[in-house]
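# Chains, contacts and geometry: an overview
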Amino acid sequence: MDLQQIKYFLALSRELHFWNTAGKMNITQSALSRQIQSLENQLGIQLFERNKRNVKLTAAGQFLKEKWEVELNKLEFIHQSARQIQLGESGTITIAHPDSISASLMPDILSRISDAFPKLKIKLVQVLYENQQEYLRNYKIDLAITRDINTAKDIHSEKIHTDHLAIVVPENHPYRTPEDLTKETLASQKFILPTNDEGSSYSDLIQRLFNSFEDAPEVYLHSEFGSAIIALVRKGLGIAILPDSYVYHEILGIRFIKLPLETDLYINWRIEDHNPVLANVLKLIIP
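Everything numeric here is computed off the predicted structure, so don't read it as measured data.

Considering all chains together, one arrives at 14 salt bridges under this definition. The salt bridge involving aspartate 142 is made with arginine 270; its shortest N-O contact spans 3.1 Å. With aspartate 142 in the loop between α6 (132–137) and β5 (143–146) and arginine 270 in strand β10 (residues 254–270), this residue pair connects regions lying 128 residues apart in the sequence. Neither aspartate 142 nor arginine 270 differs from the other in exposure class; each is buried. Across the salt bridge formed by arginine 147 and aspartate 163, the nearest N and O atoms sit 2.9 Å from each other. Placement of the pair is arginine 147 in the loop between β5 and β6 (155–170) and aspartate 163 in strand β6, with a sequence separation of 16 residues. Residues joined in a network through salt bridges with shared partners are Arg14, Lys65 and Glu69.

Bringing the layout of surface pockets into the picture now. Considered as a void within the structure, the largest pocket measures approximately 480 Å³ in volume. Those elements that place two or more of their residues in the lining of the largest pocket are β5, α8 (201–211), α9 (226–234) and β9 (240–243). Considering every element that reaches the lining of the largest pocket, the biggest residue donor is β5, with 3 residues. Of the residues in the lining of the largest pocket, the class split is 14 nonpolar, 9 polar and 5 charged. Here the lining of the largest pocket gathers at least three residues from each of two domains, domain 2 (91–160 + 267–285) and domain 3 (162–263). Its boundaries defined by the atoms lining it, the second largest pocket holds a volume of some 230 Å³. Along the wall of the second largest pocket there are 15 residues; nearest its centre are Tyr129, Gln132, Gln133, Asp148 and Asn150. With 4 residues, the single largest contributor to the lining of the second largest pocket is α6.

The next point concerns the pairing of β10. The pairing of β5 with β10 spans 3 bridges and is antiparallel. Bridging across to β10, threonine 146 finds its partner in tyrosine 266. Here β6 runs beside β10; their pairing, made up of 14 bridges, is antiparallel. Across the sheet, residue serine 157 finds its bridge partner in β10, namely asparagine 268.

Among all positions of helix α2 (residues 18–25), only Phe18, Thr21 and Ala22 are buried. End-on view of α2: buried residues confined to an arc of 100 degrees, all on one side of the axis. Exposed residues lying more than 90 degrees from the buried face of α2 are Trp19, Gly23 and Lys24. The elements touched by buried residues of α2 are α1 (3–15), α3 (29–43), β1 (48–50) and β2 (55–57).

This brings us to the packing of helix α5 (residues 105–116) against helix α10 (residues 276–285). Running from N to C, α5 and α10 cross one another at 130 degrees; their axes reach a closest spacing of 10 Å. When the axes of α5 and α10 are compared, the pair comes out oblique. For the pair α5 and α10, the sense of crossing is right-handed. Touching Ile109, Arg112, Ile113 and Ala116 of α5 are Val281, Leu284 and Ile285, all from α10. Classifying every residue of the contact of α5 with α10 gives 6 nonpolar, no polar and 1 charged.

Reading guide: rules and limits
- Residues numbered from 1 in each chain as written.
- Predicted model: local features only at pLDDT ≥ 70, side-chain atom pairs only at ≥ 80, totals over all residues.
- Heavy atoms only, no water.
- Salt bridge = Lys/Arg side-chain N within 4 Å of Asp/Glu carboxyl O.
- Helix = DSSP H or I, 4+ residues; strand = E, 2+ residues; numbered from the N terminus.
- Buried < 20%, exposed > 50% of the residue type's maximum accessible area, 1.4 Å probe, protein only.
- 1 Å grid on protein atoms, 1.4 Å probe; cavity = no way out; pocket = protein on both sides within 12 Å on 5 of 7 lines; lining within 4 Å.
- Points joined across faces, edges and corners; volume = space filled by probe spheres on them.
- Nonpolar A, V, L, I, M, F, W, Y, C, P; charged D, E, K, R; others polar.
- Domains from an automatic or database assignment.
- Pairing = 2+ DSSP bridges.
- Arc of directions from axis to C-beta.
- Contact = heavy atoms within 4.5 Å.
- Axes fitted to C-alpha atoms, helices over the stretch in contact; angles between N-to-C directions.
- Parallel < 35°, antiparallel > 145°, perpendicular 65-115°, else oblique.
- Left-handed = near helix turned anticlockwise from the far one by under 90°.

Following this line, the structure appears as structure tokens:
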């Protein structure tokens, strides 16, 4: 007994006519008769009562018709799901991203993915800088969007966007333009900055900004979370340097002063990963 025999049986159970059924199934009437007889022999059950004029289901045939129709629909759903996974249309993808693009870049990226692959499940996480490559290598995440330049040979990177750094100050702060930042005015400021990660090109960018003022301003608090830094700035506990994409968070009581320094965003993934889901998502993200 095979799946095709069951399909022949179900087609005949609906038509109750060998000639019509054979035409719809694109086989000869004699071939259809042999398939039905073979199925009956294998099951040891008479499925149809037939004579020269009429074909009708037996009670056992009616029972199997009802059960097999349900099971065949389940199988078709399973097979379709497998095809969608093979084509990269369903499954799950885990994306790590910085908090700074939660309200700017990510909604657009997620909208593109969702529109193209509505059955695909997306898991968003935030991963510390020092763990990003380990999480990629260990398949804990599939994609990592970062502001750091990748140097690992087993991880591929592509630039997908560019933001600017910005000075983040309370609304009532005297700083209004980048020209207000001088060696003298910075001397009286307390800074709240992202954690200074060794080897991070993003941390190096901020350090280069400080070096341009000869004397590095005082940094008295570090945090991994940009949203926490902004909350502290709003409270008047200091000022910060963050990507200007945080402006999309629309936080009241905060002012962003864009600086001429650019900060690039990169998307990173395993070079040897041939998952079709990943390939499809990358086509939507990479310009």
